[in-house]
Amino acid sequence: MASSSPTTLVRLVDRAPSLSGAEMAAVLVPPRQFDGASFDSFRPDPDYASQSEALEIVRTFSASRAPTGRTGGFFSRQKKTPAGPTGIYLDGGFGVGKTHLLAALWHAAPGPKYFGTFIEYTAIVGAMGYAAAVKLFTGATLIAIDEFELDDPGDTMMMTRLLTELSASGTRLAATSNTPPNALGEGRFAAADFLREIQSLSDRFDTVRIDGLDYRRRDIEGHARTLDHTEVDEAVSAMLHTSPAATISRDDFSGLIAHLGTIHPSKFVKLLDGIDAIVLDGVAPLHSQTDALRFVAFIDRVYDAQISILATGTPLDEVFAGDMMTGGYRKKYLRAVSRLIASTQY
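The shown structure was predicted, so the numbers you read here are calculated from the model rather than taken from an experiment.

The next subject is the packing of helix H5 (residues 130-137) against helix H6 (residues 153-168). It is the contact of H5 with H6, at a shortest axis distance of 10 Å, that shows an interaxial angle of 40°. In terms of orientation, H5 and H6 fall into the oblique class. Considering the relative orientation of H5 and H6, their crossing is right-handed. Along its contact with H5, which presents Tyr130, Val134 and Phe137, the element H6 presents Met158, Arg161, Leu162, Glu165 and Leu166. Residue composition of the contact of H5 with H6, by class: six nonpolar, no polar and two charged.

Under the defined criterion, the tally for this structure stands at 13 salt bridges. With a shortest N-O distance of 2.9 Å, aspartate 233 and arginine 250 are connected by a salt bridge. Taken together, the residues aspartate 233 in helix H8 (residues 229-242) and arginine 250 in strand E7 (residues 247-252) connect sequence positions 17 residues apart. Owing to a relative accessible area of 26%, arginine 250 belongs among the partly exposed residues under this scheme. If you follow the salt bridges from partner to partner, you end up with Glu147, Asp300, Arg335 and Arg339 in one network.

With 14 residues, H8 should cover 20 Å at 1.5 Å per step; its first-to-last C-alpha distance of 20 Å lies within 8% of that length. Those residues of H8 that sit buried are Val232, Ala235, Val236 and Met239. Seen from one end, H8 has its buried residues packed into an arc of 100°, which puts them on one side. Set apart from the buried face of H8 by more than 90 degrees, the exposed residues are Glu234, His241 and Thr242. The residue sitting at the N-terminus of H8 and contributing the capping side-chain oxygen is aspartate 228; that oxygen lies 3.1 Å from the backbone nitrogen of threonine 230.

Quick notes on the rules
- Residues numbered from 1 in each chain as written.
- Predicted model: local features only at pLDDT ≥ 70, side-chain atom pairs only at ≥ 80, totals over all residues.
- Heavy atoms only, no water.
- Axes fitted to C-alpha atoms, helices over the stretch in contact; angles between N-to-C directions.
- Helix = DSSP H or I, 4+ residues; strand = E, 2+ residues; numbered from the N terminus.
- Parallel < 35°, antiparallel > 145°, perpendicular 65-115°, else oblique.
- Left-handed = near helix turned anticlockwise from the far one by under 90°.
- Contact = heavy atoms within 4.5 Å.
- Nonpolar A, V, L, I, M, F, W, Y, C, P; charged D, E, K, R; others polar.
- Salt bridge = Lys/Arg side-chain N within 4 Å of Asp/Glu carboxyl O.
- Buried < 20%, exposed > 50% of the residue type's maximum accessible area, 1.4 Å probe, protein only.
- Expected span 1.5 Å × (residues − 1).
- Arc of directions from axis to C-beta.
- Polar contact = N/O pair within 3.5 Å; in protein donor to acceptor, adjacent residues only side chain to side chain.

This is a description of form; function is not addressed.
This is the structure in structure tokens:
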């Protein structure tokens, strides 16, 4: 997010963002790297046929959005034309093109329409109240949910209720989730969990499996880049020289983690407003699950905004300590690792 002011060094810990429910809804659009996402711009990996198949399935779903009608006039006894599923669910590993296809579907749909992560929708319900959120989203042609979460039963039940009401009123639904790499060989994909958890809503979804390699890691080294303090100072000086309108934040890692604990994750997008690059000094492993999950939510917003990260200390793909990478939240951490690696390859 480019700034119009002269180059500025700021601290994120000095920011205390506020965001209303209406403001949250106003930014429910695809991340800016998918501003131009379309079905034609999707590039399937030729080594994975499921990517080409998924493209055609989603394209067909998009084209079938016309409302169901009757033939033969008002008094005809002919049956309704089959409408097909009102939802589509894209399941696969990290970086295989699910978000691109979801964004392409959103761009192709008429308005009003919304695109957000699971946490963004739950945050809106929390900020506005359930009834107000239903009123806000009623009438939408499409609700797109990136990274549908299943690890909080309360949030899952609330979203299922919300989506059921919206689907019943004619809104089409699209969602993605991630399958952890260690589940790929077991024939067990996240789709099974998704369909079980959304229960009565499941028969309205077509599930589409997408295989492939993480595109963020195909052409780069498989670790987050870390620098020493001299290298960071030189990189910052270079940025200040080449980007006269840039705004760069620089924070101590432990201080930022503590500050994130004072802000609802739905406000992280506002926390990052106007920031062009982030410097994190003294990165160290996170041992608190709560801190780690907040950091995951923060990195999601950093990645969506395409903000580069310069860091000293522990490589950022190694910050999730202990058994976090094999525990119940492993999908979140694996996604974050993928994004941290990409965000440090400036």
